[in-house]
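Commentary on secondary and tertiary structure
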Amino acid sequence: MAILGLGYVGLPLATEFALAGFHVWGIDVDAERVAAVNRGDSYIGDVNSAILAGVAAKGLLRASTDPAAVADCDAVIICVPTPLRKTKDPDMSFIVDAVTRVRGHAHAGQLIVLESTTYPGTCEELVAPMLAETGLAVGRGLFLAFSPERVDPGNKRFTTRNIPKVVGGVNEPSTHVACALYSAIIERVHPVSSTKTAEMVKLLENTFRSVNIGLINELALICDRMGLDVWEVIEAAATKPFGFMPFYPGPGLGGHCLPIDPIYLSWKAKLLDVEASFIDLAAKVNAAMPRHVVEKIAAALNDEAKPVRGSAILVLGVAYKRDVADIRESPALDILKHLAALGATVAYSDPHVPRLRLGSHLHLAHGGHVRNEDVTPDMASAELTPERLAAADCVVIVANHTAFDYAAVVRHARLVVDTRNATKGLAGGARVVKL
Ligand SMILES: NC(=O)c1ccc[n+]([C@@H]2O[C@H](COP(=O)([O-])OP(=O)(O)OC[C@H]3O[C@@H](n4cnc5c(N)ncnc54)[C@H](O)[C@@H]3O)[C@@H](O)[C@H]2O)c1
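Let me begin by describing the structure that accompanies this report. These numbers come from a predicted model, not from an experiment. (Residues numbered from 1 in each chain as written. Predicted model: local features only at pLDDT ≥ 70, side-chain atom pairs only at ≥ 80, totals over all residues. Heavy atoms only, no water.)

**Some points on the sheet that holds strand β15 (residues 394-397)**
One open sheet accounts for five strands, arranged β10-β9-β15-β16-β17; its pairing is parallel. Since the sheet does not close on itself, it has two edges, and those belong to β10 (345-349) and β17 (431-434), each with one partner. Strand-to-strand, the axes of this sheet are offset by a mean angle of 20 degrees, without reference to chain direction. The sheet contact formed by β15 and strand β16 (residues 415-418) spans three bridges and is parallel. When the bridges of β16 are listed, Val 395 appears paired with Val 416. Each of β9 (312-316) and β10 is contacted by helix α12 (residues 331-341), which is oriented at about 155 degrees to β10, the strand it contacts most. (Pairing = 2+ DSSP bridges. Helix = DSSP H or I, 4+ residues; strand = E, 2+ residues; numbered from the N terminus. Axes fitted to C-alpha atoms, helices over the stretch in contact; angles between N-to-C directions. Contact = heavy atoms within 4.5 Å.)

**Re the site of the ligand**
As a matter of local geometry, the ligand sits amid 28 residues, with Val 9, Asp 28, Arg 33, Thr 82 and Asp 97 nearest to it. A distance of 2.8 Å is found between an oxygen atom of the ligand and a side-chain nitrogen or oxygen belonging to Arg 33. Take Val 80: an N or O atom from its main chain is 3.5 Å from an oxygen atom of the ligand. In the complex, the protein chains occlude 93% of the 830 Å² of accessible area that the ligand would expose alone. For the shell around the ligand, the element with the most residues is helix α4 (residues 93-103), which contributes four residues. (Near = heavy atom within 4 Å. Polar contact = N/O pair within 3.5 Å; in protein donor to acceptor, adjacent residues only side chain to side chain. Areas by Shrake-Rupley, 256 points an atom, 1.4 Å probe, with all protein chains shown as cover.)

**Some words on the layout of surface pockets**
Taken as a whole, the second largest pocket holds about 300 Å³ of empty space. The wall of the second largest pocket is formed by 16 residues, among which Pro 12, Glu 16, Asp 46, Val 47 and Thr 159 lie closest to the centre. At four residues, helix α1 (residues 10-19) tops the list of elements feeding residues into the lining of the second largest pocket. Class assignment of the residues belonging to the lining of the second largest pocket gives a composition of six nonpolar, six polar and four charged. (1 Å grid on protein atoms, 1.4 Å probe; cavity = no way out; pocket = protein on both sides within 12 Å on 5 of 7 lines; lining within 4 Å. Points joined across faces, edges and corners; volume = space filled by probe spheres on them. Nonpolar A, V, L, I, M, F, W, Y, C, P; charged D, E, K, R; others polar.)

**What to know about the environment of Gly 214**
Relative to the elements of secondary structure, Gly 214 occurs in helix α7 (residues 195-226). Look at Gly 214 and you get buried, because its relative accessible area is 4%. When the C-alpha positions of Gly 214 and Ala 63 are compared, they lie 40 Å apart, and in sequence the two are 151 residues distant. Once residues lying within four places of it in the same chain are set aside, the contact partners of Gly 214 are Ala 282, Val 285 and Asn 286. (Buried < 20%, exposed > 50% of the residue type's maximum accessible area, 1.4 Å probe, protein only.)

**A look at the packing of helix α5 (residues 122-132) against α7**
Any two packed helices are characterised by how steeply their axes cross, that is the angle between the axes, and by the distance between the axes. In the contact formed by α5 and α7, the axes pass within 8 Å of each other and the chain directions differ by 120 degrees. Classed by the angle they form, the pair α5 and α7 counts as oblique. Packed against α5, whose contacting residues are Thr 122, Cys 123, Glu 124 and Glu 125, the element α7 presents Thr 195, Lys 196 and Glu 199 at the interface. For the contact of α5 with α7, a count of residues per class yields one nonpolar, two polar and four charged. (Parallel < 35°, antiparallel > 145°, perpendicular 65-115°, else oblique.)

**Overview of the packing of aromatic side chains**
One pair of aromatic rings is described through two measures. These are the centre distance and the angle between the planes. Summed over all chains, the structure comprises six aromatic pairs. A centroid spacing of 6.3 Å and a plane angle of 10 degrees characterise the contact between Trp 231 and Tyr 248, whose relative ring orientation is stacked. On the criterion of sequence distance, the pair formed by Trp 231 in helix α8 (residues 230-237) and Tyr 248 in the loop between α8 and α9 (261-271) is long-range, its members being 17 residues apart. According to the relative accessible area criterion, Trp 231 is buried, its value standing at 7%. Through pairs of rings, three or more aromatic residues link up here, namely Phe 17, Phe 22 and Tyr 182. The ring of Tyr 182 has Lys 165 lying over it, and the distance from NZ or CZ to the ring centre is 4.9 Å. (Phe/Tyr/Trp six-rings, centres within 6.5 Å; stacked < 30°, edge-to-face > 60°. Lys NZ or Arg CZ within 6 Å of the ring centre and 35° of its normal.)

**Some thoughts on the environment of Leu 271**
Note on placement: Leu 271 falls in helix α9. Remark: the alpha-carbon pair of Leu 271 and Trp 231, spanning 40 residues in sequence, is separated by 39 Å.

**Quick look at empty space enclosed by the protein**
Enumeration over the complete set of coordinates arrives at one cavity of 30 Å³ or more. Looking at the largest cavity, its volume works out to about 60 Å³. Considering the residues around the largest cavity, the lining is formed by Pro 148, Glu 149, Arg 150, Val 151, Thr 159, Thr 160, Ile 163, Pro 164, Lys 165 and Ile 186. Its residues assigned to classes, the lining of the largest cavity shows five nonpolar, two polar and three charged.

**Some thoughts on the pattern of salt bridges**
Summed over the entire model, instances satisfying the criterion amount to 17 salt bridges. A salt bridge links Arg 39 to Asp 41; the nearest nitrogen and oxygen atoms lie 3.3 Å apart. We classify Arg 39 as exposed; its relative accessible area is 54%. One salt bridge connects Asp 97 with Arg 101, and the closest N-O pair in it is separated by 3.1 Å. Pair noted here: Asp 97 and Arg 101 are both in helix α4, with a separation of four residues, about one helical turn. Since its relative accessible area comes to 36%, Asp 97 is described here as partly exposed. The class of Arg 101 is partly exposed, set by a relative accessible area of 27%. (Salt bridge = Lys/Arg side-chain N within 4 Å of Asp/Glu carboxyl O.)

**So, helix α10 (residues 277-287)**
The complete set of buried residues in α10 reads Ile 279, Ala 282, Val 285 and Asn 286. All buried residues of α10 fall inside an arc of 135 degrees around its axis, so they share one side. Those residues of α10 that are exposed and angled more than 90 degrees off the buried face are Lys 284 and Ala 287. (Arc of directions from axis to C-beta.)

**Examining the sheet that holds strand β7 (residues 165-169)**
The mixed open sheet is built from eight strands, whose spatial order is β3-β2-β1-β4-β5-β6-β7-β8. Pairing within the sheet leaves two strands with one partner each, and these edge strands are β3 (61-64) and β8 (189-192). Between one strand and the next, the sheet's axes are offset by a mean angle of 25 degrees, whatever the strand orientation. Lying on the sheet, α1 is in contact with β1 (2-4), β2 (24-27), β3 and β4 (75-78); it crosses β1 at an angle near 170 degrees.

Just distances and angles here, no functional claims.
What follows is the structure, given as structure tokens:
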């Protein structure tokens, strides 16, 4: 089998199939990633290098930039990125490119599965017509299915093997063949009636999270105005044994999924003349959170008669969430950029992210002017020492990595803005301002 796209989704999947005894070709356009896989050198946190090296040494997992290997495969799984264009429309170019590469080597009896998160209708409207150009009948000569990926990077309890997998084919034989493939490595496979249903399942799951996080972020802003501790409110509400599920506020959404996937659904809904009000509203509330954090920091400094300009601000955790190295769409980047634009001296500490480039694509409103050049250069993660904590005018907890010693943070820092409730129950010399 072949797996196209050896990223957060593709590499763990390729490794699992190889461990189950499949002969796996990992195909990626990134030659460095291909070389790393062949060396048995993992660049994805959830894949252990020793395990990767083991399957690579046995020849069970081989990587290449050349899609020709697809010709020898019974099954092909596509796990390429699905980002947004600058205009916030779905960017289907990676899927189109991957399908074009696969199509050139497709043969009768082959199964093709798309795992990339996308709008409902992608397989039927985009992928199937492209595959039909091979002359093979899609659903008979060539099986086609969609199966959403549910990997939760950093989650030790739920991994590829024990997360149930939803599978929907373009017709019953396609569903059947795809279920048979996944059953080899996944404990529970759940078939649905179509590719469109399977595509929608993934968007429901991520929209559910995005909307609930949006709701709780809004509640956090209301609690803030009322002088209430939103964390205490949630903890108490969560004692209700039915009809309530706790979600937590934070500095904003990040990662490849939550800030992006629901927009795929609202885009498709718009084409069908339906307004996805909840999705758009949640996206708006969540996108405003980094700004809110910056305002919180400014207000906290103001209480100590300090302006943001010239203050030393240390951000703890720049990954988009706890215990991962992924900084895609991370709210920490926006927070750092806004603070830098206001004239703060910014630094960060993150054991998972040794270096950081903030980039210059954000136009920073500054003194009434929009300045594009006013960004910090490349930054390196600072080691978290008592001296560094004490020297900062404000320490901001953005990603609550378990590696941080929060007791030391409240002991040595002077002022802490905590966006994750990481300092819950801890006391020290610091004044702690919570989101
Ligand atoms: N990261 C997650 O937690 C997660 C969870 C569920 C679903 N998804 C979805 O899975 C898909 C992949 O996400 P990811 O996080 O693994 O992305 P990623 O950026 O980590 O990996 C994608 C890989 O695809 C490669 N690639 C790009 N174009 C290619 C092509 N034409 N042929 C072969 N390889 C190509 C890239 O070089 C990269 O290595 C996305 O649709 C995403 O929304 C991601």
